[in-house]
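# Working through the structure, step by step
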Amino acid sequence: MDKVGIYNFWAEPFHCDFSKRLFMGHLGNHMLNAADFHSSDRGFGMKYLLTIQRSWVLSRLAIEMDEMPEMYTKFNVETWVESAMRYFTSRNFRVVGEDGKVFGYGRSIWAMIDTESRQPTDLFAIDNGAINNWIVKDKECPIDKGGRVKMSDSAEFVRTIETQYNDVDINGHINSVKYIEHVLDLWDIAWYREHHIKRFEIAYVAEAHQGDKLSFYREQVGENEYCVRIVKTSTDSDEETETCRSKVVFA
């Protein structure tokens, strides 16, 4: 079995926006599915981990696209493990058309957690550290890894939303991709008629759960470059806890 997984997808019509190009959120879902297909085929995927009270959770994701696939376009998501440490592993992605056209790349950081304690756990304990057998160090992923999203205290409050059933994933917390969709909803269609997303990155800090309210603070830090901070308040407390930060670069 090759160390790099290649998985087929296509830009389904109702996964595309008004411009007839794939939503960023659906592309994120395809990347996460490719990651699970790859890890499951090699013995350290979610299907197995959940039987031993373990799970993968996404810590960071960066996606940089030259363009998004158009409606009905068939494309592959390639994915591979770049490195592994005791509590975190880095995984990369390449989005490429059937004709070899490269649409863009992705970088991600994952942690393995104990599903009961919700604490990070040693990923080398799985099958005697078998993940090390799948590391690829010589495949190019030419986009920036990204860093800490820095924001000032003057970030503008935009809105608060309530979390519902459809926001929750198999880990019982707010789905990683739902955060992406909620962030990108901070700009309206008129904005997207004039701009497209060049780069999106997000770093997850704390879990949120159904019933929590999410508040969004936005700050412009450069030309067509914005940072977003998301904080939660729970049903039994008004105290704000940061859940994640994001950066969006438009073109």
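Residues numbered from 1 in each chain as written. Predicted model: local features only at pLDDT ≥ 70, side-chain atom pairs only at ≥ 80, totals over all residues. Heavy atoms only, no water.

### Overview of the environment of E181
This is how it is decided: Helix and strand assignments follow DSSP, with helices taken as H or I runs no shorter than four residues and strands as E runs no shorter than two, numbered in order from the N terminus. Per-residue accessibility, obtained with a 1.4 Å probe over protein chains only, is compared with the maximum for each type, and a residue is labelled buried under 20%, exposed over 50%, and partly exposed between these values.
Secondary-structure assignment places E181 in helix α3 (residues 176-184). Exposure remark for E181: the relative accessible area of 28% places this residue in the partly exposed category. Counting along the chain gives eleven residues from E181 to I170, while the straight-line C-alpha distance between them is 18 Å.

### So, the state of the cysteines
Inclusion rule: Here, two cysteine sulfur atoms that lie within 2.5 Å of each other are counted as a disulfide.
Applying the stated criterion to the full structure yields zero disulfides. Here C244 stays unpaired: no disulfide links it, and the sulfur of C227, its closest cysteine neighbor, is 12 Å away. Classification of C244 by relative accessible area gives buried; the value is 0%.

### As for the packing of aromatic side chains
Let me state the cut-off plainly: Between 30 and 60 degrees the pair is tilted, below 30 it is stacked and above 60 it is edge-to-face, where a pair is any two Phe, Tyr or Trp rings, Trp via its six-membered ring, whose centres lie within 6.5 Å. A ring is considered to have a charge above it if a Lys NZ or an Arg CZ atom is located within 6 Å of its centre and within 35 degrees of its normal.
Tallied over the full model, the rule gives eleven aromatic pairs. Each ring, one from Y7 and one from F37, has its centre 5.6 Å from the other, and the planes form 55 degrees; the classification is tilted. Here F37 lies in helix α1 (residues 24-41) and Y7 lies in strand β1 (residues 5-10), a separation of 30 residues in the sequence. Relative accessible area serves as the criterion here: at 13%, Y7 is assigned to the buried category. When its relative accessible area of 36% is taken as the criterion, F37 is described as partly exposed. By way of ring pairs, the aromatic residues W187, W191, Y192, Y226 and F250 are connected into one cluster. Here R218 stacks its cationic end above the ring of W187, 5.1 Å away from the centre of that ring.

### Observations regarding the side chain of R218
We count it as follows: Lys and Arg are tallied as positive, Asp and Glu as negative. Neither His nor the chain termini are counted. Here, a salt bridge means any side-chain nitrogen of Lys or Arg that lies within 4 Å of a carboxyl oxygen of Asp or Glu. A 3.5 Å cut-off defines polar contacts: any pair of N or O atoms within that distance qualifies, except that in protein one atom must be a possible hydrogen donor and the other a possible acceptor, and neighbouring residues in sequence count only when both atoms are side-chain atoms. Contact criterion: two residues are considered in contact whenever any of their non-hydrogen atoms come within 4.5 Å of each other.
Within the secondary structure, R218 is located in strand β8 (residues 213-222). At 4.0 Å, E156 is the nearest oppositely charged side chain to R218, a buried residue that forms no salt bridge. Within the structure, R218 has its side chain in polar contact with the backbone oxygen of L186 (distance 3.0 Å). Filtering out sequence-adjacent residues up to four positions away, R218 remains in contact with M151, A155, E156, V158, L186, W187, Y226, C227 and V228.

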